Amino acid sequence: MKLVEATADDLDALVDRWHSLAKSMEAYDELNRLVRTDVYDVAEDGFQKLLDAENTTAYLAVRENETVGYVLLREGHHPSRQCSESLRIVDLFIDDDQRSRGHGTAVVERVKEMARDRGCDFLKVSCEWQNEDARRFYRETDFRPKQIEYVQSL
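About the criteria used
- Residues numbered from 1 in each chain as written.
- Predicted model: local features only at pLDDT ≥ 70, side-chain atom pairs only at ≥ 80, totals over all residues.
- Heavy atoms only, no water.
- Helix = DSSP H or I, 4+ residues; strand = E, 2+ residues; numbered from the N terminus.
- Rg over C-alpha atoms; globule rule 2.2 N^0.38 Å.
- Phe/Tyr/Trp six-rings, centres within 6.5 Å; stacked < 30°, edge-to-face > 60°.
- Buried < 20%, exposed > 50% of the residue type's maximum accessible area, 1.4 Å probe, protein only.
- Lys NZ or Arg CZ within 6 Å of the ring centre and 35° of its normal.
- Polar contact = N/O pair within 3.5 Å; in protein donor to acceptor, adjacent residues only side chain to side chain.
- pLDDT = per-residue confidence, 0-100.
- Expected span 1.5 Å × (residues − 1).
- Contact = heavy atoms within 4.5 Å.
- Core = buried A, V, L, I, M, F, W, Y, C linked by side-chain atoms within 4.5 Å.
- Pairing = 2+ DSSP bridges.

**Topic: the overall build of the protein chain**
So, step 1. Helices and strands together make up the secondary structure of the protein chain, namely 4 helices and 5 strands.
So, step 2. Reading the helices (α) and strands (β) of the protein chain from amino to carboxyl end gives β-α-α-β-β-β-α-β-α.
So, step 3. In terms of C-alpha radius of gyration, the protein chain reaches 16 Å, essentially the compact-globule figure of 15 Å for 154 residues.
So, step 4. The dimensions of the protein chain, computed from C-alpha atoms along their principal axes, are 45 × 45 × 30 Å.

Right under this line is the structure:
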């Protein structure tokens, strides 16, 4: 599995995959409802900002010259902690027709290598509490629960 850093030329591929991910997250909580059905303008602008950000990087997941998904990573720093450097998997999406083939696991393994090369102490990821498939996947790829995030609608 190769992770190829995304550029502005990849915005369509990123937005299409992000929209599929965002639509699938609507089922898990009302706070995930998308405001618009045509999200291209908003999502393209959002991804362009992410591509320009210094601590966030988007990668296309490529297997045998075919893009099968994407991963969005964000570097973190906690100066008061002994283990202070982290890499967060913000989004991990594998195309529906490419799932259950080991691609997600291969992406996580590649991200681990990248994190080690960057001197990170740990990886972070979060998922919807009700998303049992994601929770199972992350447990199977050696993540452990550490913290629970709570939300409150206003």
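**Quick look at unusual backbone geometry**
So, step 1. Non-glycine residue Ser-100 carries a positive phi angle of around 65 degrees.
So, step 2. Of note, Asp-142 is a non-glycine position whose phi angle comes to about 75 degrees, a positive value.
So, step 3. Counting through the fold element by element, Asp-142 comes out in the segment after α4 (132–140).

**Focus on the packing of aromatic side chains**
The way to describe two aromatic rings as a pair is by their centre distance and the angle between their planes.
So, step 1. Under the definition given, this model contains 2 aromatic pairs.
So, step 2. Relative to Tyr-138, the ring of Phe-137 has its centre 5.1 Å away and its plane inclined at 70 degrees; by these criteria the two rings are edge-to-face.
So, step 3. Geometrically, the ring pair formed by Tyr-138 and Phe-143 is edge-to-face, given 5.5 Å between the ring centres and 85 degrees between the ring planes. The same class applies to Tyr-138 as to Phe-143, namely buried.
So, step 4. Connected via pairs of aromatic rings, a cluster forms that spans Phe-137, Tyr-138 and Phe-143.
So, step 5. The ring of Trp-129 carries Arg-135 above its face, with NZ or CZ at 3.8 Å from the centroid.

**Some remarks on the side chain of Thr-56**
So, step 1. Along the chain, Thr-56 turns up in strand β2 (residues 56–63).
So, step 2. Thr-56 sits in the buried class, given a relative accessible area of 3%.
So, step 3. Of the polar contacts made by the side chain of Thr-56, one reaches the side chain of Asn-55; its length is 3.2 Å.
So, step 4. Side-chain polar atoms of Thr-56 contact the side chain of Arg-74, separated by 3.2 Å.

**What about the confidence of the model for the protein chain?**
So, step 1. Here the protein chain averages 91 in pLDDT, and 96% of its residues register 70 or above.
So, step 2. Averaged pLDDT values for the elements of the protein chain fall to 77 in helix α2 (residues 40–52) and rise to 97 in helix α3 (residues 103–117).

**Here we look at α3**
So, step 1. For α3, built from 15 residues, the straight-helix expectation of 21 Å at 1.5 Å per residue is met to within 8% by its first-to-last C-alpha distance of 21 Å.
So, step 2. The complete set of buried residues in α3 reads His-103, Gly-104, Ala-106, Val-107, Val-108, Val-111, Lys-112, Met-114 and Ala-115.
So, step 3. At its buried positions, α3 is contacted by β1 (2–5), β2, β3 (66–77), β4 (85–94), β5 (122–125) and α4.
So, step 4. Immediately downstream of α3, the backbone of Gly-119 shows phi near 80 degrees, a positive value.

**Some thoughts on the nonpolar core**
So, step 1. If you look at the biggest cluster of nonpolar residues, it comprises 21 residues, and the most contacted ones within it are Leu-3, Val-71, Leu-73, Ile-89, Leu-92, Val-107 and Val-111.
So, step 2. Among the elements of the structure, β2, β3, β4, α3 and α4 are those that each provide at least two residues to this core.
So, step 3. Of the residues forming this core, the biggest block, 5 residues, is contributed by α3.

**Side note on the pairing of β4**
So, step 1. β4 sits mainly inside the fold: 7 of its 10 residues count as buried.
So, step 2. Pairing of β4 with β5, which is carried by 4 bridges, proceeds in the parallel orientation. What sits directly across from Ile-89, in β5, is Val-125.

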